[in-house]
Amino acid sequence: MSEVKGEYNNRIERYNLTAIALHWVMALLIITLLALGYYMVDIPKGVPNRADYFNLHKSLGVLATFLIFLRAGWRWTHPAPKLPSNVPGWTVSAAWWSHLLLYVCMVLQPLTGYLSSSFNKYGVKFFGIELPKWGWEDAALRDLFMKFHHLIAALLVALILVHILAALKHLLVDRDGIFQRMLLGKNESTKTT
Ligand code: HEM
Ligand code: HEM
């Protein structure tokens, strides 16, 4: 891990353990869901275990829904730690807007998936447990919600790529300790939120 440049090292406010744990568990889950989603839609109809992939995607997607509401609730009651004053204003706004968009997509993506699945005959099972259907069989509504699901998936991919590049820039180029705010580390004695 690269060292944090000089004087800001001890003054950086960090995310706390709950926020860090939720961030990394959800990062893994959402990247898995994106990969699984794009993989499974290419499996030709008639392949015997095709439905297993869809059911796994739906189950993990429902799990992600619980976690995102937990996370959004936590975030609502625990504001993000302030960025150090040397970070340029445009970077602060870019981070604020991109994080907000990530939250919006994280809420809308499982909702559109669930709604679309509610308007087809298969419904949603959570690791085998049948969940309530919010609709009836209706191909037009199913396709409409699925269109949104596909669109938001593409937006999420773009946002996550920019997010990862920005995080890596902080870690490797700026070396300003911003990346470490989302890690447990040496600075744990500094202020957390
Ligand atoms: C390997 C991939 C990832 C890396 C390296 C990464 C890194 C980071 C870092 C360093 C921060 C803290 C920024 C700061 O100090 O202000 C952060 C915040 C955040 N990340 Fe990630 N992240 C990754 C994946 C994701 C994914 C997949 C998502 C969601 C789709 C995500 C959503 C967020 C959000 C919403 C915040 C803001 C947290 C808040 O203020 O509540 N990240 N990420
Ligand atoms: C954060 C959560 C989720 C992510 C990131 C995600 C991502 C994706 C992606 C990338 C695809 C492929 C899109 C494409 O081909 O353009 C997909 C398809 C699909 N997703 Fe999700 N998904 C999530 C949650 C859910 C949930 C909760 C459900 C239902 C309960 C669901 C049901 C589906 C279905 C049925 C398809 C297949 C659509 C088709 O046949 O074209 N997804 N998802």
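Up top you'll find the structure we're talking about.
Read on for an overview of the structure. (Residues numbered from 1 in each chain as written. Chains lettered and ligands numbered in written order. Predicted model: local features only at pLDDT ≥ 70, side-chain atom pairs only at ≥ 80, totals over all residues. Heavy atoms only, no water.)

**Some thoughts on the coordination of the iron atom of ligand 1**
Right, so step 1: At 2.0 Å from the iron atom of ligand 1 lie its protein donor atoms, namely His23 (NE2) and His163 (NE2).
Right, so step 2: If you look at the iron atom of ligand 1, its six donor atoms make angles of 87 to 179 degrees with each other, and the shape they trace is octahedral. Placement of the pair is histidine 23 in helix α1 (residues 17-40) and histidine 163 in helix α4 (residues 139-174), with a sequence separation of 140 residues.
Right, so step 3: Here histidine 163 falls in the partly exposed class, since its relative accessible area comes to 27%. (Donors = N, O, S within 2.8 Å, 3.2 Å for Na, K, Ca; no water. Tetrahedral: all angles 85-135°; square planar, octahedral: opposite > 155°, others 65-115°. Helix = DSSP H or I, 4+ residues; strand = E, 2+ residues; numbered from the N terminus. Buried < 20%, exposed > 50% of the residue type's maximum accessible area, 1.4 Å probe, protein only.)

**Some remarks on a nonpolar patch on the surface**
Right, so step 1: On the surface, a cluster of nonpolar side chains totalling about 440 Å² of accessible area is made up of Ile31, Ile164, Leu168, Leu172 and Val173.
Right, so step 2: Among the elements that take part in the nonpolar patch, α4 stands out by supplying four residues, more than any other.
Right, so step 3: Within the fold, isoleucine 31 resides in helix α1. (Patch = residues over 30% accessible without salt bridge, like charges linked within 9 Å, V, L, I, M, F, W, Y side chains within 5 Å. Areas by Shrake-Rupley, 256 points an atom, 1.4 Å probe, with all protein chains shown as cover. Salt bridge = Lys/Arg side-chain N within 4 Å of Asp/Glu carboxyl O.)

**Looking at the side chain of glutamine 109**
Right, so step 1: Summarising the element assignment, glutamine 109 is placed in helix α3 (residues 89-118).
Right, so step 2: Setting aside anything within four residues of it in sequence, one finds glutamine 109 in contact with Phe148, His149, Ile152, Ala153 and Leu156. (Contact = heavy atoms within 4.5 Å.)

**Side note on the packing of aromatic side chains**
Right, so step 1: Here the structure, examined in full by the defined rule, presents seven aromatic pairs.
Right, so step 2: Measuring from centroid to centroid gives 5.0 Å for phenylalanine 119 and tryptophan 136, while their planes differ by 85 degrees, and the two rings are edge-to-face. You can see phenylalanine 119 sitting in the loop between α3 and β1 (125-126) and its partner tryptophan 136 sitting in the loop between β2 (129-130) and α4, a full 17 residues away along the chain.
Right, so step 3: When the centroid spacing of 5.1 Å and the interplanar angle of 65 degrees are considered together, the rings of phenylalanine 126 and phenylalanine 127 count as edge-to-face. (Phe/Tyr/Trp six-rings, centres within 6.5 Å; stacked < 30°, edge-to-face > 60°.)

**A closer look at the nonpolar core**
Right, so step 1: Counting 20 residues, the largest nonpolar core has Met26, Leu29, Ile30, Leu102, Met106 and Ile160 as its most contacted members.
Right, so step 2: Where this core is concerned, the elements lending two or more residues are α1, α2 (50-77), α3 and α4.
Right, so step 3: Examining the composition of this core, we find that seven residues originate from one element, α1, more than from any other.
Right, so step 4: Leaving out residues up to four positions away in the same chain, leucine 102 has contacts with Leu156, Leu159, Ile160 and His163. (Core = buried A, V, L, I, M, F, W, Y, C linked by side-chain atoms within 4.5 Å.)

**Re the coordination of the iron atom of ligand 2**
Four donors placed tetrahedrally around a metal ideally meet at 109.5 degrees, and six donors placed octahedrally ideally meet at 90 or 180 degrees.
Right, so step 1: The coordination sphere of the iron atom of ligand 2, as far as protein atoms go, consists of His57 (NE2) and His149 (NE2), spread over 2.0 Å.
Right, so step 2: Note that the iron atom of ligand 2 binds six donor atoms; their angles at the metal cover 87 to 179 degrees, and the shape is octahedral. A residue pair is termed long-range when its members are at least 10 positions apart, and histidine 57 in helix α2 and histidine 149 in helix α4 qualify at 92 residues.
Right, so step 3: On the accessibility criterion, histidine 57 (14% relative accessible area) is buried.
Right, so step 4: Its relative accessible area of 12% is what places histidine 149 among the buried residues.

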